[in-house]
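# A look at the structure
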Amino acid sequence: MDWGLENRLSRIIKPQDNRALMLAVDHGYFLGPTEKLENPKKVIGPLLKHCDSLMLTRGVQRSSVSATTETPMVLRVSGGSSIIGDDLSQEDITVSIEDAIRLNASALAMSIFVGSKYEYQTVVNLGKLVSEAAKYGLPVLAVTAVGKELGKDARYLSLACRMAAEQGAHIVKTYYCENFEKVVQSCPVPIIVAGGKKIPERDALQLTYNSIKAGAVGVDIGRNVWQSEHPVAMIKAVRAIVHGNSNVDKAFKLYQKLASEDSKNTQKSKGNKPNQNKNKPNKPNQNKNKPNKPNQNKNKPNQNKNKPNQNKNKPNQNKNKSNKPNQNKNKPNQNKNKPNQNKNKPNQNKNKPNQNKNKPNKPNQNKPNTPKPTPAKK
Ligand code: R5P
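Residues numbered from 1 in each chain as written. Predicted model: local features only at pLDDT ≥ 70, side-chain atom pairs only at ≥ 80, totals over all residues.

## Structural notes on the site of the ligand
The test is simple: In this analysis a residue is considered near a molecule or strand if the C-beta atom, reconstructed from its backbone, is found within 6 Å of that molecule or strand. Three classes are used: nonpolar for Ala, Val, Leu, Ile, Met, Phe, Trp, Tyr, Cys and Pro, charged for Asp, Glu, Lys and Arg, and polar for all others, with Gly counted as polar.
The environment of the ligand is formed by 15 residues, the closest being Ala24, Ala194, Gly195, Gly222 and Arg223. Counted by class, the shell around the ligand contains six nonpolar, six polar and three charged residues.

## Thoughts on the nonpolar core
Quick reminder of the rule: Each nonpolar core consists of buried Ala, Val, Leu, Ile, Met, Phe, Trp, Tyr and Cys residues. Their C-beta atoms, within 7 Å, join them into a set. Exposure is read from a count of other C-beta atoms within 10 Å of each residue's own; the residue is exposed at 12 or fewer, buried at 20 or more and partly exposed in between. C-beta atoms are placed from the backbone. Here a helix means four or more residues in a row that DSSP labels H or I, a strand means two or more in a row labelled E, and each is numbered from the N terminus. By the convention adopted here, residues make contact when the C-beta atoms placed from their backbones lie within 7 Å.
The biggest cluster of nonpolar side chains holds 86 residues, and the ones touching the most others in it are Leu108 and Val238. The leading source of residues in this core is helix H11 (residues 231-242), at eight residues. The residues touching Val238, leaving out its near neighbours within four places in the chain, are Leu21, Leu205, Thr208, Val219, Ile221 and Val225.

## A look at helix H3 (residues 40-47)
In plain terms, the rule: Note that the arc is computed from the directions linking the helix axis to the C-beta atoms.
If you check which residues of H3 are buried, you get Pro40, Val43 and Ile44. In a view along the axis of H3, the buried residues occupy a sector of 90 degrees, so they form one face of it. Along H3, exposed side chains directed more than 90 degrees from the buried face belong to Lys41, Lys42 and Pro46. Structurally, H3 contributes buried residues whose contacts are with strand E2 (53-56), helix H4 (58-64) and helix H10 (223-226).

## Side note on the environment of Ala142
Mapped onto the secondary structure, Ala142 falls in strand E7 (residues 140-144). Between the alpha carbons of Ala142 and Val130 there is a distance of 9.7 Å; along the sequence they are twelve residues apart. Excluding its chain neighbours within four sequence positions, the residues that come into contact with Ala142 are Met110, Ile112, Leu126, Ala164, Ala169 and Val172.

## As for the sheet that holds strand E1 (residues 20-24)
Quick reminder of the rule: Being paired, for any two strands, means DSSP has found at least two bridges between them. Here an angle of 0 to 180 degrees is reported between the N-to-C directions of two axes, which are lines fitted to C-alpha atoms, with helices fitted over the stretch in contact.
Ordered in space as E1-E2-E3-E6-E7-E8-E9-E10, the eight strands form a closed barrel in which the pairing is parallel. Here the average twist between neighbouring strands, direction ignored, is 25 degrees. Relative to strand E10 (residues 218-221), E1 is paired through four bridges, and the arrangement is parallel. Its bridge partner being in E10, Leu23 is matched across the sheet by Ile221. On top of the sheet, helix H6 (residues 119-134) reaches strand E6 (107-112) and E7; it is set at about 165 degrees to E6, its chief contact.

## Side note on the pairing of strand E3 (residues 73-76)
One face of the sheet, then the other: side chains in a regular strand alternate in exactly this way. Our working rule: Clockwise travel from the first strand over the helix to the second, with the strands pointing away from the viewer, marks a crossover as right-handed.
Along E3, one buried face is formed by Met73 and Leu75 and the opposite face, lined by Val74 and Arg76, is buried too. Sheet analysis places E2 next to E3, joined by three bridges and oriented parallel. Each bridged residue has a counterpart across the sheet, and for Leu56 the counterpart in E3 is Leu75. In the classification by handedness, the crossover that spans E2, the intervening H4 and the parallel E3 is right-handed. For E3 and E6, the ladder comprises three bridges, and the chain directions are parallel. By the bridge assignment for E6, Val74 is matched with Ala107.

## Digging into the environment of Lys41
Here Lys41 shows up in helix H3. Separated by 20 residues in the primary sequence, Lys41 and Gln61 have C-alpha atoms spaced 9.2 Å apart.

## Here we look at the packing of helix H9 (residues 201-213) against helix H12 (residues 248-272)
The condition that has to hold: An angle counts as roughly parallel when it lies under 35 degrees, as roughly antiparallel when it exceeds 145, as roughly perpendicular when it falls between 65 and 115, and as oblique in every other case. Two helices that cross are described as forming a left-handed crossing if the nearer one is turned anticlockwise from the farther one by less than a right angle, and a right-handed crossing if clockwise.
Contact geometry for H9 and H12: axes closest at 9 Å, N-to-C directions at 140 degrees. Judged by the inter-axis angle, H9 sits oblique to H12. When you trace H9 past H12, the crossing you get is right-handed. Between H9 and H12, the residues in contact are Glu201, Arg202, Leu205, Gln206 and Tyr209 and Val248, Ala251, Phe252 and Tyr255, respectively.

Structure follows, in structure tokens:
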């Protein structure tokens with residue numbers, strides 16, 4: 001591995017324990033102002049020093065992150081579709097390598113949509129990005145995106161992760177699922193787990209713990225940190241699992257302690273703020289004795305008065321549209337009558353002998369060097 005590539009990777013996956021804590025704030029690239037991430041600068045500021053790396057878009061990096069930070073940036077370079085558009089999977093590469101280098105990115109990130117209409121486009125783009133990035137020693141993180149129609153089970157995620165690795169991705173970000181060990185074992189490069197929708201803090205810590213235990217090198221967590229009432233407390237608790245080998249109970253206790261301190265501090269700062277206007281004498285109304293200004297527009301002719309209303313006879317193009325156009329409203333469900341192509345396919349692996357059956361266990365190359373965290377008390 002080239003020095004530059006190895007160096008950049010070591011900033012993301014820490015060599016001390018082979019683990020990674022990435023904070024995801026790239027959601028706006030297709031969701032716009034996501035709840036509690038409306039002001040990225042405010043959100044990122046207090047969290048930046050607690051994560052190993054930050055995953056974001058170039059717009060947020062330039063506008064909302066101090067250039068003096070030492071935290072490495074994982075730059076999302078794909079996009080193109082929005083949550084209200086026709087198809088979320090229609091993504092392309094939106095950032096040039098030159099701009100990524102200008103932004104001093106430590107890695108590039110893009111999504112692939114395996115099993116979707118734009119599977120081919122996104123997988124080929126990943127291959128191209130890896131080739132281009134390799135020229136500059138830039139690692140690529142592939143995100144296995146999941147859509148409404150795409151599954152989130154071990155069979156699907158193993159397929160998507162393996163495909164990403166085969167295209168040359170250096171790290172794969174995916175979702176946690178049942179039998180996650182299988183996903184990790186069949187992916188030859190390190191896996192990082194996305195947090196997903198906001199869930200109770202303890203559950204998010206459990207997800208982090210389970211992911212690491214199953215062999216993931218870490219998490220790339222977003223909403224479960226910054227949509228928490230206490231984001232700093234939450235990221236510290238996640239960190240305790242990722243880098244401190246804490247179990248879920250210990251990490252959750254830490255969260256509760258830090259959250260309660262945070263609440264007290266907020267209360268205190270609210271209570272201590274003197275009402276700055278309380279003792280101020282009433283300001284005299286400076287306009288009180290001023291003579292009334294004549295209304296300078298009073299006698300001006302209304303220049304629009306006799307102009308024809310140019311829109312008067314234009315059809316109202318939005319007349320029947322609701323605020324959010326449901327572009328799929330009258331579209332036939334294209335899959336509705338499609339036969340399930342897998343339905344009658346024989347399971348090709350069913351009768352295959354298990355080639356690994358008598359092989360000795362290989363050490364998991366992705367497994368952390370440090371001792372495994374002890375299982376959580378149920
Ligand atoms: C999704 O594709 C985005 O890239 C997010 O970075 C990813 O989902 C992780 O964020 P969260 O933990 O909120 O799911």
